[in-house]
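Next come the chains, spelled out residue by residue.
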Amino acid sequence: MLINIERTAFLEVNSLQKYKKLFFSTFELSACTFGGGFVIIPLMRKKFVEELGWIEEDEMMDLTAIAQSSPGAIAVNASILVGYHVAGFPGAMLTVLGTILPPLMIISIISMFYQAFRDNAIVNMAMAGMLCGVAAVICDVVINMAKTIFQKKRLLPVIVMLGSFVAVRFFSVNIIVIILVCGVIGAADTWHQGKMRKVGDKR
Amino acid sequence: MIYLELFWSFFQIGLFSIGGGYAAMPLIQNQVVDIHPWLTMTQFADIMTIAEMTPGPIAINSATFVGIQVAGLPGAVIATVGCVFPSCVIVMTLAYIYYRFRGLNMVQGILAGLRPAVIAMIASAGISLLIMALYGQRTLPNDLASLDLIAAIIFVIGIFVLRKWKPNPLWVMAGSGFAGIILYALV
């Protein structure tokens with residue numbers, strides 16, 4: 001408790017400094033994070049847990065779980081959580097800004113040259129090659145993710161996975177409908193499992 | 001009102017892309033290629049390629065790109081804000097609950113239930129991109145043998161390298177771009 005009060009006081013004295021640090025830390029992380037959301041988590045851990053000591057180790061684990069399980073980009077979610085934890089609502093706004101500015105600027109610049117870029121023969125060949133690379137990367141990601149589902153050795157997730165695939169691929173079912181239905185299935189499953197566990201405990 | 005449409009589309013993408021990274025991809029395709037005529041499938045494949053090469057989340061990169069193509073810089077800002085808005089509200093609510101109760105069993109249960117569906121949708125969007133890469137069009141042609149052989153070779157080697165050595169995907173991207181220049185120039 002005492003530590004908490006001291007920490008709060010410490011944070012208040014340095015609030016401007018802290019806001020600056022928050023913004024520039026997330027800006028830097030976002031500008032340097034290639035290859036999707038899962039990469040930013042270990043980098044954030046290094047920055048905010050090890051370097052700045054603003055977040056506890058196990059707290060970071062929980063924040064990661066929330067970031068991964070909430071809708072939206074993991075990098076954005078994680079920075080909202082870090083900002084909120086360190087400096088409340090204004091902190092969260094600052095970290096979001098820091099996270100979305102680098103891609104916003106980079107893509108804006110690329111878009112401006114997109115047409116000229118696309119008309120170039122060499123660029124075209126490179127893009128055609130890289131599209132195959134993207135397809136390969138996605139295929140690899142899907143294999144890895146699907147493996148985790150099969151490793152659970154439960155029938156329900158496998159059925160949900162195959163059913164969703166058929167629904168979206170062959171029947172063009174709206175993605176949002178699939179997400180809502182599967183969310184309900186997940187809730188029912190959790191509730192059912194919780195109940196089974198309780199029955200087991202009583203015995 | 002184009003700005004409102006952009007905001008609403010990317011709001012939905014932000015709200016329903018659960019699981020991060022590639023999970024946004026099928027939703028983006030759905031919104032900007034299928035529902036709205038904002039991008040062609042070729043442009044969509046381009047933006048996925050660009051998003052993979054540049055830093056930042058795929059959803060944010062696409063929001064900026066689509067926004068600029070459709071309505072200039074203001075469009076980019078509005079699409080991007082629309083994309084992160086649901087995250088801000090939901091994540092902050094969850095953070096509040098977390099620090100109050102430190103337990104999110106039901107939330108995690110629901111999301112565990114979503115996971116297989118998310119994988120299925122990523123697989124489907126990945127297949128769309130692969131068809132684009134191999135045949136240069138959105139749907140499979142009647143003549144399946146008419147595929148782009150160079151593209152097929154690059155894809156197969158890419159998959160092999162990824163499975164075997166697990167390198168950073170960026171290297172595979174760079175390698176396949178380079179291979180594309182060499183092979184297409186030669187043939």
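Just so you know, these numbers come straight off a predicted model, no measurement behind them.

Check the secondary structure of chain B and you find 7 helices and 0 strands. Counting from the amino terminus, chain B carries its helices and strands in the arrangement α-α-α-α-α-α-α. With 187 residues in all, chain B has 57% of them scored as buried. Across chain B, contacts joining residues at least 24 apart in sequence account for 53% of those joining residues at least 6 apart.

With 83 residues of chain B in contact, the opposing surface of chain A contributes 76 residues. When residues of the side of chain B that touches chain A are traced back to their parent elements, those giving at least two are α1 (2-16), α2 (24-35), α3 (41-53), α4 (58-101), α5 (105-135), α6 (149-165) and α7 (169-186) of chain B. Residues that form the side of chain B that touches chain A fall into these classes: 56 nonpolar, 24 polar and 3 charged.

Further remarks concern the packing of helix α7 (residues 121-151) of chain A against helix α8 (residues 155-170) of chain A. How two helices sit against one another is set out by the angle between their axes and by the gap between those axes. Running from N to C, α7 of chain A and α8 of chain A cross one another at 145°; their axes reach a closest spacing of 8 Å. Residues Ala146, Ile149 and Phe150 of chain A of α7 of chain A lie in contact with α8 of chain A, whose contacting residues are Pro157, Val158 and Met161 of chain A.

Here the focus is the nonpolar core. Counting 123 residues, the largest nonpolar core has Leu131 and Ala135 of chain A together with Ile122 and Leu129 of chain B as its most contacted members. Counting residues per element, this core draws most heavily on α4 of chain B, which supplies 21 residues. Other than its neighbours up to four places away in sequence, Leu129 of chain B contacts Leu131, Val134, Ala135 and Ile138 of chain A together with Ala45 and Met48 of chain B.

Here the focus is unusual backbone geometry. Backbone geometry follows two general trends: most residues other than glycine have a negative phi, and most peptide bonds adopt the trans configuration. Residue and element names in this part refer to chain A. The backbone phi angle of Lys153 is positive, close to 55°, even though this residue is not glycine. By the element assignment, Lys153 lies in the loop between α7 and α8. Exposure remark for Lys153: the 8 C-beta atoms within 10 Å place this residue in the exposed category.

For the rest of this paragraph, the subject is the environment of Trp38 of chain B. Residue and element names in this part refer to chain B. Within the secondary structure, Trp38 sits in the loop between α2 and α3. A count of 22 C-beta atoms within 10 Å places Trp38 in the buried class. For the pair Trp38 and Gly67, spaced 29 residues apart in sequence, the C-alpha separation works out to 9.2 Å. Not counting residues within four places of it along the chain, the set of residues in contact with Trp38 comprises Val32, Val66, Gln69 and Val70.

So, on to the packing of α7 of chain A against α5 of chain B. At a closest axis distance of 9 Å, the pairing of α7 of chain A and α5 of chain B adopts a crossing angle of 155°. As the angle between them shows, α7 of chain A and α5 of chain B are arranged roughly antiparallel. The element α7 of chain A and its partner α5 of chain B pack so that their crossing is left-handed. Residues Leu131, Cys132, Val134, Ala135, Ile138, Cys139, Val141, Val142, Met145, Ala146 and Ile149 of chain A of α7 of chain A pack against Pro116, Ile119, Ile122, Ala123, Gly126, Leu129, Leu130, Met132 and Ala133 of chain B of α5 of chain B.

Attention now moves to the confidence of the model for chain A. With 89% of its residues at a pLDDT of 70 or more, chain A has an overall mean of 83. Element-level pLDDT for chain A is lowest in helix α1 (residues 2-13) of chain A, with a mean of 51, against a maximum mean of 93 in α8 of chain A.

Moving on to the confidence of the model for chain B. Residue and element names in this part refer to chain B. When the pLDDT values of chain B are averaged, the result is 87; 96% of them are 70 or greater. Ranking the elements of chain B by mean pLDDT puts α5 last, at 82, and α6 first, at 94. Across the predicted assembly, pTM comes out at 0.75 and ipTM at 0.79.

This part is about helix α4 (residues 57-69) of chain A. With 13 residues, α4 of chain A ought to run about 18 Å at 1.5 Å a step, and its terminal C-alpha atoms sit 19 Å apart, in line with that. Residues Met60, Leu63, Ile66, Ala67 and Ser69 of chain A constitute the buried set of α4 of chain A.

Calculation criteria
- Residues numbered from 1 in each chain as written.
- Chains lettered and ligands numbered in written order.
- Predicted model: local features only at pLDDT ≥ 70, side-chain atom pairs only at ≥ 80, totals over all residues.
- Helix = DSSP H or I, 4+ residues; strand = E, 2+ residues; numbered from the N terminus.
- Buried ≥ 20, exposed ≤ 12 C-beta atoms within 10 Å, placed from the backbone.
- Contact = placed C-beta atoms within 7 Å.
- Nonpolar A, V, L, I, M, F, W, Y, C, P; charged D, E, K, R; others polar.
- Axes fitted to C-alpha atoms, helices over the stretch in contact; angles between N-to-C directions.
- Core = buried A, V, L, I, M, F, W, Y, C linked by C-beta atoms within 7 Å.
- Parallel < 35°, antiparallel > 145°, perpendicular 65-115°, else oblique.
- Left-handed = near helix turned anticlockwise from the far one by under 90°.
- pLDDT = per-residue confidence, 0-100.
- Expected span 1.5 Å × (residues − 1).

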